[in-house]
Amino acid sequence: MQQSVHDIVAQDEQNGIRFSWNVWPSTRLEATRIVVPLGCMYSPLKRIEGMPPALPYNPVRCSGCGAVLNPYCQIDFRTKLWNCAFCMTRNHFPPYYAENITEQNLPAELVPRFSTVEYELQSGDAGQPLFLMIIDTCTALDDELDHLKDSVQQSLNLLPQNALIGLITFGTNVQVHDLSFADCPRSVVFRGTQEYDTAKIQQLLGVLGTANQAQGGANGPSNQAGGAGGSTVGRVPAIGKYLMPVEECSFVLEAILSDLSRDPWPVPSDKRHSRCTGTALSVAVGLMETAAPQRGARIMAFISGPCTVGPGVIVSQDKAENIRSHTDLMKNQAKHNKSATQFYAGLAERCVAVNHLIDIFACSLDQVRPRCGPDAAQMRPSVRRSVP
């Protein structure tokens, strides 16, 4: 047992990966007998000691399944072929590989101790990593929010210093925080009961869309016609105001997190928190569409309960209305299920169109159970469709 635990920890240190099971089922029958589903937790930004520098070429991919060449592939050095470890397809090496590869001269991605490597893609600059965090302030206890704030602050130290970061908090209303203003906390507040399109979000945040940014470089933003979103006079790019490099906004962001408290709106004993999860995600997607279209980015939502107001609602604030159960979902009797699922599926389509991901975090089992948790079933399309 000690040896197996050691192997798990060593795998985590070497590759930043941890599976729910460390043995893959060999038959379909064994797969059906797994009580806990196969799952994987991967940390792509984990610092790995001894990892070689980024390889200055594109990865070699399997012609059958698209898997990347790795130390587990079988190599035929005589014929310059390699077998994919996933689909067993035989592939030819590219010319620049075939000319130099030998048993004594292996590229880094085939060295067993380098099972994780990074590539410097030659297809163009991917830009800075971009993360937008969404924090639910309608927590049941102050301790929950304090622990979340502490975890987020710790995660800032693990991000690359040039990574772009943004912060949205929500409860009864949605607040998009201005990270460029250090004198005092400043944010734009959106009504939680209303749905906003991208043009309206641009107008209220005072930011330029991508087309306006390109034209603004030549003509200046003050000369732009507003179109559907109104005049662009006085607007600025979202990057540099609501999305900032970690190294430039860490002090402001930590100050906002330190002062962050639970949603101040009173909650009667017979009512649920007024939580506008759908509006918060809609504003986040609109902001990211404006700031970084066709550029990889993550929206990370930390949610502590069900959406009770605005678009995407799954249960009313009145506790007399029970939240949907598994039986209700199976029998198609969940009151808000169809409209909520359609709303979150729409957000997923928008994210897929601009290469963005949505991650949903809940801090305990109580927050994902059907009777007391967030709208995990309805939000599933947002997460599944936006997986790369």
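Coordinates for the structure precede this section.
Here goes a summary of the coordinates provided. All of these numbers come straight from a predicted model, not from anything done at the bench. (Residues numbered from 1 in each chain as written. Predicted model: local features only at pLDDT ≥ 70, side-chain atom pairs only at ≥ 80, totals over all residues. Heavy atoms only, no water.)

### Digging into the side chain of Ser282
Okay, so step 1: With respect to the helices and strands, Ser282 occurs in helix H8 (residues 277-291).
Okay, so step 2: Separated by 3.4 Å, the side chain of Ser282 and the backbone oxygen of Tyr196 make a polar contact.
Okay, so step 3: Here Ser282 is in contact with Glu195, Tyr196, Ile201, Phe343, Leu347 and Arg350, once residues within four sequence places are set aside. (Helix = DSSP H or I, 4+ residues; strand = E, 2+ residues; numbered from the N terminus. Polar contact = N/O pair within 3.5 Å; in protein donor to acceptor, adjacent residues only side chain to side chain. Contact = heavy atoms within 4.5 Å.)

### Some details on H8
Okay, so step 1: For H8, which comprises 15 residues, the first-to-last C-alpha distance of 21 Å matches the rise-based estimate of 21 Å (1.5 Å per residue) to within 8%.
Okay, so step 2: Among the 15 residues in H8, 15 count as buried, and that is most of the element. (Expected span 1.5 Å × (residues − 1). Buried < 20%, exposed > 50% of the residue type's maximum accessible area, 1.4 Å probe, protein only.)

### Section: the pairing of strand S8 (residues 173-177)
A regular strand places its side chains so that they alternate between the two faces of the sheet.
Okay, so step 1: When strand S7 (residues 164-170) meets S8, the two strands line up antiparallel, connected through three bridges. By the bridge assignment for S8, Thr169 is matched with Gln175.
Okay, so step 2: Summarising the sheet, S8 and strand S9 (residues 187-191) pair through five bridges and their orientation is antiparallel. Of the residues in S9, the one forming a bridge with His177 is Ser187. (Pairing = 2+ DSSP bridges.)

### Concerning the packing of aromatic side chains
Okay, so step 1: Taken as a whole and judged by the stated rule, the model has seven aromatic pairs.
Okay, so step 2: Relative to Phe361, the ring of Phe302 lies with its centre 4.8 Å away and its plane at 20 degrees, an arrangement referred to as stacked. One end of the pair, Phe302, is in strand S11 (residues 297-302); the other, Phe361, is in strand S12 (residues 356-361), and 59 residues separate them in sequence.
Okay, so step 3: Taken together, a centroid distance of 5.2 Å and an interplanar angle of 70 degrees make the contact between Phe343 and Tyr344 edge-to-face.
Okay, so step 4: For Phe343, a relative accessible area of 12% gives the class buried. (Phe/Tyr/Trp six-rings, centres within 6.5 Å; stacked < 30°, edge-to-face > 60°.)

In short, geometric facts, not functional conclusions.
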